[in-house]
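# Architecture and fold: a report
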Amino acid sequence: MTVFNFSAGPAVLPVPVLLKAQSELLNYQGSGQSVLELSHRSTLFENILQDTEALLRELLQIPDHYHVLFLQGGATLQFSMLPLNLATNQQRVDFIDTGSWSQKAMQDAAAFVKTGIVASSNADNYRSIPAGPIYSDADYLHLTWNNTLEGTTFTDAPQVDVPLVADFSSSILSEPIDVSQFDVIYAGAQKNLGSAGMTLVIIKDELLQRTPDRLGSYLRYDTHAAHHSLYNTPPTYSIYLTKLVLEWIKDQGFDTVVERNHKQSASLYAYLDQSVLFSNHVALPDRSRMNIPFTTGQTDLDKQFLQFAERHHLVNLKGHRSVGGMRASLYNAMPTAGVDALIAILKRFEQGER
Ligand code: PMP
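### Remarks on the overall build of the protein
- If you tally the helices and strands in the protein, you get nine helices and 13 strands.
- Seen through its principal axes, the protein has C-alpha atoms that stretch 65 × 55 × 30 Å.
- Going through the 354 residues of the protein one by one, you find that 55% of them count as buried.
- In the protein, the proportion of contacts linking residues at least 24 apart, taken out of those at least 6 apart, comes to 67%.

### Here's the deal with the side chain of asparagine 146
- Positionally, asparagine 146 belongs in strand E6 (residues 146-147).
- At 2.9 Å, the side chain of asparagine 146 forms a polar contact with the side chain of serine 170.
- A distance of 2.7 Å separates a polar atom in the side chain of asparagine 146 from a polar atom in the side chain of asparagine 291.

### Concerning the site of the ligand
- Around the ligand sit Gly74, Ala75, Thr76, Phe79, Trp101, Thr144, Asn146, Thr148, Asp167, Ser169, Gln190 and Lys191, and that is every residue in its neighbourhood.
- Separating an oxygen atom of the ligand from a side-chain N or O atom of threonine 148 is a distance of 2.5 Å.
- Between the ligand and the protein, one listed contact pairs a nitrogen atom with a side-chain N or O atom of lysine 191 at 2.8 Å.
- In isolation the ligand has 400 Å² of accessible area, and contact with the protein removes 85% of it.
- With four residues, the top contributor of residues to the shell around the ligand is helix H3 (residues 74-86).

### Quick notes on unusual backbone geometry
- Here the residue pair glycine 9 and proline 10 is connected by a cis peptide bond, since its omega of -10 degrees sits within 30 degrees of zero.
- Tracing the backbone shows proline 10 in the loop between strand E1 (4-5) and helix H1 (15-24).
- A positive phi angle is found at asparagine 125, which is not glycine, with a value near 60 degrees.
- With respect to the element layout, asparagine 125 can be found in the loop between strand E4 (114-120) and strand E5 (140-144).
- We classify asparagine 125 as exposed; its relative accessible area is 55%.

The rules behind these values
- The numbering scheme is per chain: residues are counted from 1 as the chain's sequence reads.
- Totals for whole chains, interfaces and linings use all residues, but because this is a predicted model, local features are given only for residues with pLDDT of at least 70 and pairs of side-chain atoms are given and counted only at 80 or more.
- Based on all heavy atoms of the structure, the side-chain values leave hydrogens and waters out of the count.
- What counts as a helix is a DSSP run of H or I of at least four residues, what counts as a strand is a run of E of at least two, and both are numbered from the N terminus.
- Think of it in three bands: residues with accessible area under 20% of the maximum for their type are buried, residues over 50% are exposed, and the middle band is partly exposed, with areas taken using a 1.4 Å probe on protein chains only.
- Any two residues whose heavy atoms approach within 4.5 Å are treated as being in contact.
- Residues adjacent in sequence count toward polar contacts only when both atoms are side-chain atoms; beyond that, a polar contact is any pair of N or O atoms within 3.5 Å, and within protein one must be able to donate a hydrogen and the other to accept it.
- Near is defined per residue: the residue qualifies when any heavy atom it owns lies within 4 Å of the molecule or strand.
- Methods summary: accessible areas were calculated by the Shrake-Rupley approach with a probe of 1.4 Å, and residue burial reflects only the protein chains presented.

So, in structure tokens, the structure goes:
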């Protein structure tokens, strides 16, 4: 039985990655040990860590003057670490308000420093990304590149004179990014990078100077940078799974993955746009390729659709509780067969099947 998992995260993983992890589970590279059992100080694990960083640097073309850190605490810990480390001059952070996750980032920062909103799409219920020039003179400007709940995405980085910090949790590695346009990029691993437990932080070297003296060791970016993410025990298995995911991307070619994402999201949007029953409300230029919310506009009918889909093995299509309706997350590991199966089920439901 094939199940297609449209969860927003933890999310579907590529089958070849799971098979590789399975084949290596009990005996990693002839060591007689599982990666789960390896010391983080062992050469075998240090090689995994180095290979993961090298693959990321290659695929995302990360310039040399950025550190790549593998941390814990989810993207959520970054909501606090960022202001604690970087908002040390003016003690002020600006935000672009694009909905739920940007607000969560702002609420946490507000526990430590002053916060401001320099642009917001609140007026159209977060169905778009704010347009127009943006000005900030805060310690940094924060934005959420892909909005997992609302299904919107930035397509261009705003030009500002202050460091730009971006939450890429739900779209990292779904398309190429120009890392040099950002000062910090961060992302939880459980969507496009691997399994829950690891958080990627890509940070420009010069920002490491900003951390104040009075801050505990784990919370400091400079600690992790100085120890190459081995200050304490890192999320070893999650890093290993990320290595396998990156190898999977490299083997088929990053371009192939990006093109597949374009095609798959385009075919789902094309169906939704001509459908009489289902619709997606996001402004066309700001539509996410990773998270696609849609609805019939009627709570009962949405519920019936979710049950119908589940009976046909299409799972985790329920929209976030704060948004309602449905949401299809089409991360890198979603096969085209999954999107085709979803469109077929949408059609059958629209034609009256229950
Ligand atoms: N930012 C975005 C854009 C997210 O989608 C999520 C999780 N869905 C988070 C932050 C929070 O991530 P975590 O659960 O890893 O803390």
